[in-house]
Amino acid sequence: MSTGTVAYRTVALAGRPAEPRIGEAMLALAGHLLRKGVRVRAVADGGMDYTPLDVELVAEAGLALGADMVVAVGGDGTMLHAARVAAACGVPVLGVNRGRLGFLADVSPEKMLESVDDALAGRCIPETRMLLQATVIGRSQHGTALALNDVAVARQDMGRMLDLNTWVDQAFVNTHAGDGFIVSTSTGSTAYALSCGGPIVHPGVAALVLVPICPHTLSDRPIVVGADSIVELELVGRPETRAQVVCDGISFCELEPGLR
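To keep things clear, this report deals only with the structure shown in the data block.

Parameters at a glance
Residues numbered from 1 in each chain as written. Predicted model: local features only at pLDDT ≥ 70, side-chain atom pairs only at ≥ 80, totals over all residues. Heavy atoms only, no water. Helix = DSSP H or I, 4+ residues; strand = E, 2+ residues; numbered from the N terminus. Axes fitted to C-alpha atoms, helices over the stretch in contact; angles between N-to-C directions. Parallel < 35°, antiparallel > 145°, perpendicular 65-115°, else oblique. Left-handed = near helix turned anticlockwise from the far one by under 90°. Contact = heavy atoms within 4.5 Å. Nonpolar A, V, L, I, M, F, W, Y, C, P; charged D, E, K, R; others polar. Disulfide = S-S within 2.5 Å. Buried < 20%, exposed > 50% of the residue type's maximum accessible area, 1.4 Å probe, protein only. Pairing = 2+ DSSP bridges. Right-handed = clockwise from strand over helix to strand, strands pointing away.

Our focus in this paragraph is unusual backbone geometry. Backbone torsion omega between T51 and P52 reads 5°, so that peptide bond is classified as cis. Assignment of secondary structure puts P52 in the loop between β2 (39–43) and β3 (56–58). With a phi angle near 50°, D169 is a residue other than glycine that sits in the positive phi range. Relative to the helices and strands, D169 is located in the loop between β9 (162–168) and β10 (171–178).

For the pair helix α1 (residues 20–35) and helix α3 (residues 112–120), the least separation of the axes is 11 Å and the interaxial angle reads 40°. In terms of axis orientation, α1 runs oblique to α3. Considering only the axes of α1 and α3, their crossing is right-handed. Contacts between α1 and α3 involve A25, A28, L29, H32 and L33 on the former and, on the latter, M112, L113, V116, D117 and L120. Its residues placed into classes, the contact of α1 with α3 shows eight nonpolar, one polar and one charged.

One covalent bond between the sulfur atoms of two cysteine residues makes up a disulfide. Within the structure shown, the criterion is met by zero disulfides. For C214, which is in no disulfide, the shortest distance to another cysteine sulfur is to C196 and amounts to 6.1 Å. C253 carries a free sulfur, and the closest cysteine sulfur to it, the one in C247, is 7.8 Å from it. Overall, C253 belongs to the buried group, its relative accessible area being 15%.

With that out of the way, let us pick up the sheet that holds strand β16 (residues 250–255). If you trace the six strands from one edge of the open sheet to the other, you get β13-β12-β11-β8-β15-β16, paired in antiparallel fashion. Among the strands making up the open sheet, the edge pair consists of β13 (223–226) and β16. Looking at each pair of strands side by side, their axes are set apart by 20° on average, direction ignored.

This paragraph deals with the environment of A105. Within the secondary structure, A105 sits in the loop between β5 (93–97) and α3. Taking the C-alpha atoms as reference points, A105 and V116, 11 residues apart in sequence, are found 13 Å from one another. Sequence-distant contacts of A105, that is, excluding residues within four places in its chain, are made with G74, G75, D76, M79, G95, V96 and N97.

Here the focus is the pairing of strand β1 (residues 10–15). Counting buried residues along β1, five of its six residues qualify, which places the element largely inside the surrounding structure. Read as a crossover between parallel neighbours, the route from β1 over α1 to β2 is right-handed. Both β1 and strand β4 (residues 69–74) contribute to a ladder of five bridges, which runs parallel. Residue pairing for β4: V11 is matched across the bridge by M69.

So this is what it looks like as structure tokens:
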């Protein structure tokens with residue numbers, strides 16, 4: 001079905017070209033797009049030599065700036081990274097699966113060029129997915145990070161349990177004892193949250209999934225709340241308690257006792 005609304009004049013390529021099959025796919029894409037008169041940009045220090053192709057090399061932070069579409073080549077990790085980079089510019093992301101699972105990057109290598117052509121011709125219907133914004137506010141740190149799948153508070157030391165107080169929309173929910181806690185989008189319900197016993201939620205459902213990690217009590221079960229809910233987590237201070245905030249599998253910062 002044609003959308004007929006977007007002219008894709010500049011396409012940004014994201015991936016880790018050091019892996020041969022990813023690098024080969026990125027080179028093939030760059031050549032294909034340039035032959036169609038589309039400008040191509042890629043990360044300058046990405047380890048790929050595009051010579052003699054006329055690829056514009058930019059800093060990673062500005063990859064999506066001025067682009068009409070980002071094509072992420074790799075696994076779901078690459079797709080998650082590309083989504084965060086593109087989110088600030090409101091740029092759509094097309095994922096080509098050169099990884100293992102392909103939950104997010106679901107275009108097969110065999111249909112890579114065909115799928116890109118469909119997108120260029122307006123024959124693809126974009127899906128809108130929600131993002132999580134994680135904010136840590138405290139005495140010594142204040143920062144924000146985005147996540148497409150999930151935000152987790154996880155223990156840093158093996159064999160030590162965390163106690164986490166939780167609130168939803170300022171209403172106290174529980175004190176969770178275990179290895180940590182996950183706040184997941186519907187998209188991320190098939191990722192870390194699923195391995196911890198969370199439900200599979202259709203990506204079109206506007207919801208957050210709250211999942212304790214290895215809870216110490218049988219009654220501490222996953223719950224689903226509205227997508228516009230504000231979830232707060234506070235680390236309860238105990239001797240030698242150490243926890244970290246992880247966004248889409250990337251460590252964001254340490255969480256000190258008493259911080260939210």
